[in-house]
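Breakdown of the fold
Below are the chains, spelled out letter by letter.
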Amino acid sequence: MAAGVAAWLPFARAAAIGWMPVANCPMPIAPRDHTKRLDELIILNVSGRRFQTWRTTLDRYPDTLLGSSEKQFFYDEETKEYFFDRDPDSFRSILNFYRTGKLHYPRYECISAYDEELTFFGIIPEIIGDCCYEEYKDRKRENAERLQDDQDDNKDCKLPNMTYRETMWRAFENPHTSTMALVFYYVTGFFIAISVLTNVIETVPCGATPSQKDMPCGERYTVAFFCMDTACVLIFTVEYLMRLFAAPSRYQFMRSVMSIIDVVAIFPYYIGLVMTDNEDVSGAFVTLRVFRVFRIFKFSRHSQGLRILGYTLKSCASELGFLLFSLTMAIIIFATVMFYAEKGSSSTKFTSIPASFWYTIVTMTTLGYGDMVPKTIAGKIFGSICSLSGVLVIALPVPVIVSNFSRIYHQNQRADKRRAQKVQKARLARIRIAQAGSSCTGFLQSKRNDLLNDLLELTGSEEEELLLSKSMSLLESQHHHLLHCLEKTTAHEFMDEQLYEQNCLETTVQSCTSRSPSLSSQDTPIGTCCTRRVKRNSPLPNSSMHLQPSHQHGPLQQLSALHIQCGDKLPRTTRLYPIQVASP
Amino acid sequence: MGAVVGTLTMGERTKGERRRPSRDKIDDDFELSIVCHRPEGLDKLEAQTNFSKQELQVLYRGFKNECPSGVVNEDTFKQIYAQFFPHGDASTYAHYLFNAFDSAHSGSVKFEDFIMALSTLLRGSVREKLTWTFNLYDINRDGYINKEEMTDIVRAIYDMMGKYTYPALKTDTPKQHVDAFFQKMDKNRDGVVTLDEFILSCQEDENIMRSLQLFKNVI
């Protein structure tokens, strides 16, 4: 339980007196405080440095070493103190956790040493406060990656139980795993370079023969270039098919950016093969050749920096969008102005507003080709305003993009915020599981224990009752007593969500019997809880349902034959008790 | 602005209260006067309440740990109660409770208020406890509990149960509960319950008398 709950429990219990006049039933008995003693100072000697704190401070977290009876193992009778042979500096933050309820991670501390201390003292790291949790997680991830890298260096040989497909995939993704992979990596890189070079040189005019005019090399040495192209495309196709075969999730692979680039790079060739030398489609065929330039993007598999650049552009999408938007606005405004300013002058190039767009863009980016110039005075004035504002509009978002790029470039692997969200949810779930004592299920479980407790009061001995009741700390039992009082006040009981749904279904299926509106009459609220309580103390042997105990106590086995009946509340209780016991 | 705040606070209890002036004259809108309250002396509190010195020490240490500034405000009350009753919504009942604790209606509960109420609830006589409870129910402090006030209180209590109860809560369950309550408490059937009627009726009911003694040894 949190520190807050422990400190405020007396107040909450005292305030429960406010419900008493409203309640119609007698309240359950309060748990007895067996170990009532005044608060005392405890001395904790950690490698010679003495820390002192109140006992109740440590008792706040009974599921840790210092809060439970485990610390008795470290008790030194002679010096009357608890001695721990651990690091006193780390112990400071651990003790502060008990005092303030928040665990902090000191930055100077080594992550693995800190983890060890936490494990020793029984504190789960998920409790680290939000102020320090990011740092802790980052350091932990770095450490894990370092360990992973160390491991990977020793892992040159194939794992014995990896299939051929997995080996291939590993070779593709990480070229340093084997020599074959490295060879493959360099060969594909070489062929990408060759392919790009071929595309470029194809268009260069080769030396002219005396008979013909200058023609590009592609047309001169058609066969040679065609062979080169074919070879490269063959290699790329084979590579793509191999990757597709080796991918663990083919659907994921086909959707990834790199595979799309691969497909776009090789497709035009096949389309070109398929198409005949038809004049109509040859125009389209030429256009398709443009897509061959996408082969250069295949280099991003080989270059980390290229990938980061692409990622930066993706993550700066909003800034780029803003740049584009503001530029568009400015272009439209100035184009309109220039058009109307130059409308009067004769033989002007500003024939329409879209025609003026070109002038505006060239001026705003300070290119100034000079193919379109304003001739009127008004045109020249607005033209100068346009070029000045162009500088401003472009200069503003660009530094943001640049800083973004440098930040991402330096962080490199830190960009998975989406993964952090999932980790946050998992972390909260872990905390909730570890602190299950104060949750609903904890209370419902203890109610079941109370039921067994009552049964034991009838037939069992004192020790068994104490055994059961000691399974919870005093704080928890007091909290549960408080919840029990609330149940009695309102004459309703807490329930699991699933059981509630079940109950709802069952009550709608059944027609409304006299049970459900039983609370409408005045004395049934008393009847509901009190008769049950009365009946509970005198079990009848011939009722129709039995209780299954959850743990293996000898005398409890006999109790499985004991039946509980609650008078005319039969159908409801048959549903209630077995479900409660069955829930884990 | 800081001077005005300073003079205003002079009139209040001077012994323990110290109010630092607002930080900046410019930031009038964001004025955060840090109220740091110190309670009266231990001896004085011991004389006024039914707690011993050690008990007061333990209580104050817990209180100060949770509220280093020395006062609790309503939001903290609601949070505390929400921790104890995670199933349902405890904020309404916490609101009424806060008003009952905050006898001076200052908007914050100081340690003295806290300890007075605890003393009444845990160590007080039956009459004192019932008077305190009557003040809790009497929301508008007019000396009478009418049906609307009681319905509000009972509804707040039922809200703490949450949705998943057995048997399922119906919308008129609080109302029926209130009717039953009035049936018992309202002796002269005039639609309101006065303090004397309340105390008399409670003293007649054995269950209530027994449950009032339930939390004797909470501290």
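Residues numbered from 1 in each chain as written. Chains lettered and ligands numbered in written order. Predicted model: local features only at pLDDT ≥ 70, side-chain atom pairs only at ≥ 80, totals over all residues. Heavy atoms only, no water.

**Some remarks on the overall build of chain A**
- A tally of regular secondary structure across chain A gives 25 helices and five strands.
- Taking the contacts inside chain A whose residues are at least 6 apart along the sequence as the reference set, 65% of them involve residues at least 24 apart.
- When the accessible surface of chain A is summed, it comes to about 33600 Å², and 62% of that surface belongs to carbon and sulfur atoms. (Helix = DSSP H or I, 4+ residues; strand = E, 2+ residues; numbered from the N terminus. Contact = heavy atoms within 4.5 Å. Areas by Shrake-Rupley, 256 points an atom, 1.4 Å probe, with all protein chains shown as cover.)

**As for the nonpolar core**
- Counting residues in hydrophobic clusters, the biggest one holds 75 residues, and the most contacted among them are F11(A), W19(A), Y81(B), F85(B) and L97(B).
- Broken down by element, the residue count for this core peaks at eight residues, all from helix α8 (residues 147-161) of chain B.
- When residues of this core are assigned to domains, at least three fall in each of domain 1 (41-124) and domain 2 (126-218) of chain B.
- Core analysis: the next-biggest nonpolar cluster, separate from the first, contains 27 residues, F84(A), I94(A), L103(A) and I127(A) among them. (Core = buried A, V, L, I, M, F, W, Y, C linked by side-chain atoms within 4.5 Å. Buried < 20%, exposed > 50% of the residue type's maximum accessible area, 1.4 Å probe, protein only. Domains from an automatic or database assignment.)

**Overview of the environment of Y75(A)**
Residues and elements named next belong to chain A.
- For Y75, the position within the fold is in strand β3 (residues 75-76).
- Taking relative accessible area as the criterion, Y75 reaches 28% and is therefore assigned partly exposed.
- Sequence separation between Y75 and I43 is 32 residues, and the spatial gap between their C-alpha atoms is 9.9 Å.
- What Y75 contacts, discounting residues up to four positions off in sequence, is K80, E81 and Y82.

**Quick word on the side chain of Q478(A)**
- Tracing the backbone shows Q478(A) in helix α21 (residues 474-490).
- Those residues in contact with Q478(A) that sit more than four places away from it in its chain are L9(A), R13(A) and P31(A).

**A word on the pattern of salt bridges**
All names here are of chain A.
- Overall, the coordinates contain 27 salt bridges over all chains when judged by the stated rule.
- R50 is the salt-bridge partner of E81, the closest N and O atoms lying 3.1 Å from each other. One end of the pair, E81, is in strand β4 (residues 81-84); the other, R50, is in strand β2 (residues 49-54), and 31 residues separate them in sequence.
- Since its relative accessible area comes to 5%, E81 is described here as buried. (Salt bridge = Lys/Arg side-chain N within 4 Å of Asp/Glu carboxyl O.)

**Here we look at the interface of chain B and chain A**
- Each side of the interface is counted separately: chain B has 60 residues, and chain A has 60 residues.
- With both chains or domains summed, chain B and chain A bury close to 5400 Å², and 70% of this area falls on carbon and sulfur atoms.
- Contact with chain A buries area across many residues of chain B, yet F84(B), Y164(B) and Y166(B) alone supply 17% of it, more than any other trio.
- For the pair chain B and chain A, the number of links is zero salt bridges.
- The leading source of residues in the side of chain B that touches chain A is helix α9 (residues 173-185) of chain B, at eight residues.
- For the side of chain B that touches chain A, a count of residues per class yields 40 nonpolar, 13 polar and seven charged. (Buried area = accessible area lost by both parts, 1.4 Å probe. Nonpolar A, V, L, I, M, F, W, Y, C, P; charged D, E, K, R; others polar.)

**Structural notes on the packing of α21(A) against α8(B)**
- Two numbers describe how α21(A) lies on α8(B): the axes approach to 10 Å, and their chain directions differ by 130 degrees. On the basis of the axis angle, α21(A) is oblique to α8(B). Crossing geometry of α21(A) relative to α8(B) is assigned as left-handed. The segment α21(A) lies against α8(B), with L486(A), E487(A), T489(A) and T490(A) engaging I157(B), Y158(B), M160(B) and M161(B).
- Residue classes in the contact of α21(A) with α8(B) are distributed as five nonpolar, two polar and one charged. (Axes fitted to C-alpha atoms, helices over the stretch in contact; angles between N-to-C directions. Parallel < 35°, antiparallel > 145°, perpendicular 65-115°, else oblique. Left-handed = near helix turned anticlockwise from the far one by under 90°.)

**Structural notes on the environment of S356(A)**
Residues and elements named next belong to chain A.
- Its place among the elements puts S356 in helix α15 (residues 353-364).
- A relative accessible area of 0% means that S356 is categorised as buried.
- Along the sequence, S356 and E342 sit 14 residues apart, while their C-alpha atoms lie 10.0 Å from each other.
- S356 has contacts with A335, F339, F350 and M372, leaving out every residue within four places of it along the chain.

**A short note on the packing of helix α4 (residues 74-84) of chain B against helix α5 (residues 91-101) of chain B**
All names here are of chain B.
- Contact pair α4 / α5: the axes reach a minimum separation of 9 Å and the direction vectors enclose 130 degrees. Relative to α5, α4 is oriented oblique. The hand of the α4/α5 crossing is right-handed. Where α4 approaches α5, its residues E74, F77, K78 and Y81 are matched on the opposing element by S91, Y93, A94, H95, L97, F98 and F101.

**Thoughts on the UniProt feature "domain: EF-hand" (unreviewed entry) in chain B**
- When the UniProt feature table is mapped onto this chain numbering, "domain: EF-hand" (unreviewed entry) sits at residues 89-124, 125-160 and 173-208 of chain B.
- Taken end to end, residues 173-208 of chain B comprises 72% helix and 6% strand; its first and last C-alpha atoms sit 21 Å apart. (UniProt positions renumbered as here; feature names shortened; annotations may be inferred.)

**Here we look at the side chain of D229(A)**
- Structurally, D229(A) is set in helix α9 (residues 222-246).
- Residues within four places of D229(A) in sequence aside, it is in contact with Y269(A), R292(A) and R295(A).

**A look at the sheet that holds strand β1 (residues 41-46) of chain A**
Residue and element names in this part refer to chain A.
- Spatially, β2-β1-β4-β3 is the arrangement adopted by the four strands of the open sheet, whose pairing is mixed. On the outer flanks of this sheet lie β2 and β3, each paired with one strand and no other.
- Here helix α3 (residues 88-100) sits on the sheet and contacts β1 and β2; the angle it forms with β2, its principal contact strand, is near 5 degrees. (Pairing = 2+ DSSP bridges.)

**Thoughts on the packing of aromatic side chains**
- Considering all chains together, one arrives at 50 aromatic pairs over all chains under this definition.
- Arranged with centres 5.8 Å apart and planes meeting at 20 degrees, the rings of W358(A) and Y369(A) form a pair that is stacked. Of the two residues, W358(A) is situated in helix α15 and Y369(A) in the loop between α15 and α16 (377-395); the sequence distance between them amounts to eleven residues.
- With 5.8 Å between their ring centres and 45 degrees between their planes, Y81(B) and Y93(B) make a pair best called tilted. Separated by twelve residues along the polypeptide, Y81(B) in helix α4 and Y93(B) in helix α5 bring together distant segments of the chain.
- For K147(B), the ring lying beneath its charged end belongs to F182(B), and the centroid distance is 5.6 Å. (Phe/Tyr/Trp six-rings, centres within 6.5 Å; stacked < 30°, edge-to-face > 60°. Lys NZ or Arg CZ within 6 Å of the ring centre and 35° of its normal.)

**Digging into unusual backbone geometry**
- Following Y166(B), the chain continues into P167(B) via a peptide bond in cis, with omega recorded as -5 degrees.
- The residue P167(B) is located in the loop between β6 (165-166) and α9 in this model.
- Within the chain, S47(A) stands out as a residue other than glycine whose phi angle is a positive 50 degrees.
- You can see S47(A) is positioned in the loop between β1 and β2.
- Look at S347(A): it is not a glycine, yet its phi comes out positive at around 45 degrees.
- Here S347(A) lies in the loop between α14 (317-342) and α15.

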